[in-house]
Amino acid sequence: MILPVKMKDFTYDVVVQKNSLDIIEEYLDLNRKVLILTDDGIPYEYIDKVYKKCFKPYVYTILQGEASKSFINFEKILDFLIKNEFSRTDCVIAVGGGVVGDLAGFVSSVYMRGIPFYNIPTTLLSQVDSSIGGKTAIDKLGIKNIIGAFYPPHKVIIDPTVLKTLDKRQLYSGLAESIKMGLTCDKTLFNLIKDSTNLLEDIETIIIKSLQVKKDVVELDPNELGLRRVLNFGHTIGHGIESHSGALLHGECVGIGMTYMCSDNVKKELLTVLNKYDLPTQYIANKEELYKYICLDKKRNNNKLVIVSVNKIGEFEFKEIFIEEILNYF
Ligand SMILES: NC(=O)c1ccc[n+]([C@@H]2O[C@H](COP(=O)([O-])OP(=O)(O)OC[C@H]3O[C@@H](n4cnc5c(N)ncnc54)[C@H](O)[C@@H]3O)[C@@H](O)[C@H]2O)c1
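The sections below set out a description of the structure shown in this document. Since this is a predicted model, take the numbers as computed values, not measurements.

Calculation notes
- Residues numbered from 1 in each chain as written.
- Predicted model: local features only at pLDDT ≥ 70, side-chain atom pairs only at ≥ 80, totals over all residues.
- Heavy atoms only, no water.
- Axes fitted to C-alpha atoms, helices over the stretch in contact; angles between N-to-C directions.
- Helix = DSSP H or I, 4+ residues; strand = E, 2+ residues; numbered from the N terminus.
- Parallel < 35°, antiparallel > 145°, perpendicular 65-115°, else oblique.
- Left-handed = near helix turned anticlockwise from the far one by under 90°.
- Contact = heavy atoms within 4.5 Å.
- Nonpolar A, V, L, I, M, F, W, Y, C, P; charged D, E, K, R; others polar.
- Pairing = 2+ DSSP bridges.
- Near = heavy atom within 4 Å.
- Polar contact = N/O pair within 3.5 Å; in protein donor to acceptor, adjacent residues only side chain to side chain.
- Areas by Shrake-Rupley, 256 points an atom, 1.4 Å probe, with all protein chains shown as cover.
- Buried < 20%, exposed > 50% of the residue type's maximum accessible area, 1.4 Å probe, protein only.

### Details of the packing of helix α5 (residues 168-185) against helix α7 (residues 199-220)
Direction vectors running N to C along α5 and α7 enclose 50°, while the axes themselves pass 10 Å from each other. One finds that α5 runs oblique with respect to α7. In this structure, α5 meets α7 at a crossing whose hand is left-handed. Contact residues: L171, Y172, L175, S178, M181 and C185 in α5; L199, L200, I206, S210, V213 and K214 in α7. Of the residues contributing to the contact of α5 with α7, the split by class is nine nonpolar, two polar and one charged.

Okay, structure coming up:
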């Protein structure tokens, strides 16, 4: 399955196909210098599959974890490209989750004012969410994604079979983003996740349906000025919980965040699905303390917030509120 994502100036393809890593040369131009950026938690077999097909491959491995989305790594990778004389026609390939993808994309956006960037996402979260939309970033001074650029990949290759080695907790955390897309925009996606009896068997369809939702939204609003804010469903309170807890995964926090933003009927269905996939359904914290973390969220704009709520599965509403009104939702 190939999903073309149409941006203002160009279109890039997202390929979703089992075992596509084994025939990667059919999709990517590897007849040049290639920097494979990855982290030390990615099984080497995936890197090797790409490495073997490249004319002149270089591998750069960062430590796994959010802390690697740093300015220091950004600079070190740029130094590596310069020292190895990468030209504007060479390329960078991310093989990893959202951390690797965000860093690789940002490096690619600035090296020689932009070199070709391919993304091979290997976590469910990166396959259904961060792989498209063109957002790249690093963290600074403890603030996530504060430095970055919109720099769409030249191609995205999604091989759902790589998820077999992914830790269950990471898998379910990524699934929370698909649950979000189903709840807001596609009831059939939500029902598929709800009724699935074998997640890995259904995962290719779940990925395609989730990408279809994200593609439709980013094509209409590439710079996140309007409609794209629907993708923030569950994220306002979710981000606050993520920063406050320091231990929960992103999708786990989004899952909890969504429970505050829907009607009673929708919430009942959501809780059933969250429980099914061992995702947490509540977070106990001091209300005022959590509020402080929400205020730090960069989506704040003149003390106002746009929140997304779901009163009927597959449909959503935007509402602008003053930031302090968020306390009424807890
Ligand atoms: N650019 C965007 O639009 C966007 C959207 C959402 C999230 N993000 C970013 O994505 C990041 C989170 O990404 P993530 O959830 O993919 O986490 P991650 O990149 O930290 O990966 C999670 C863990 O899984 C391991 N891993 C990855 N693939 C594996 C595989 N196939 N088998 C075994 N282990 C594997 C990694 O080594 C890592 O330890 C955050 O930094 C977030 O800001 C970006």
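Still more ground to cover, so stick around.
### Structural notes on the sheet that holds strand β3 (residues 33-39)
If you trace the seven strands from one edge of the open sheet to the other, you get β1-β2-β9-β6-β5-β3-β4, paired in mixed fashion. The sheet is open, and its two borders are formed by β1 (2-6) and β4 (56-62), each paired with just one other strand. When the angles between neighbouring strand axes are averaged without regard to direction, this sheet yields 20°. One ladder, built from four bridges, connects β3 with strand β5 (residues 91-96); its direction is parallel. Residue pairing in the sheet places L35 in a bridge with V92 of β5. Across the sheet, helix α3 (residues 98-110) touches β3, β4, β5 and β6 (117-121), and the angle it forms with β5 is around 170°.

### Regarding the site of the ligand
Near the ligand, the surroundings consist of 25 residues, among which D39, Q64, E66, T123 and T165 are the closest. Between the ligand and K135, the relevant distance is 2.9 Å, taken from a nitrogen atom to a main-chain nitrogen or oxygen of the residue. Interatomic distance of 2.7 Å between a side-chain N/O atom of T165 and a nitrogen atom of the ligand. For the ligand, the accessible surface in isolation is 870 Å², of which the surrounding protein chains cover 88%. Those elements that provide at least two residues to the shell around the ligand are α3, α4 (124-130) and β8 (143-150). Along the lines of polarity and charge, the residues of the shell around the ligand split into seven nonpolar, 10 polar and eight charged.

### A look at the environment of Y172
Examined against the element boundaries, Y172 turns out to sit in helix α5. Owing to a relative accessible area of 15%, Y172 belongs among the buried residues under this scheme. As a C-alpha pair, Y172 and L3 span 169 residues in sequence and 24 Å in three-dimensional space. When near neighbours in sequence (up to four residues on either side) are disregarded, Y172 contacts L199, Y277, D278 and L279.

Function cannot be read off these values alone, since they describe shape.
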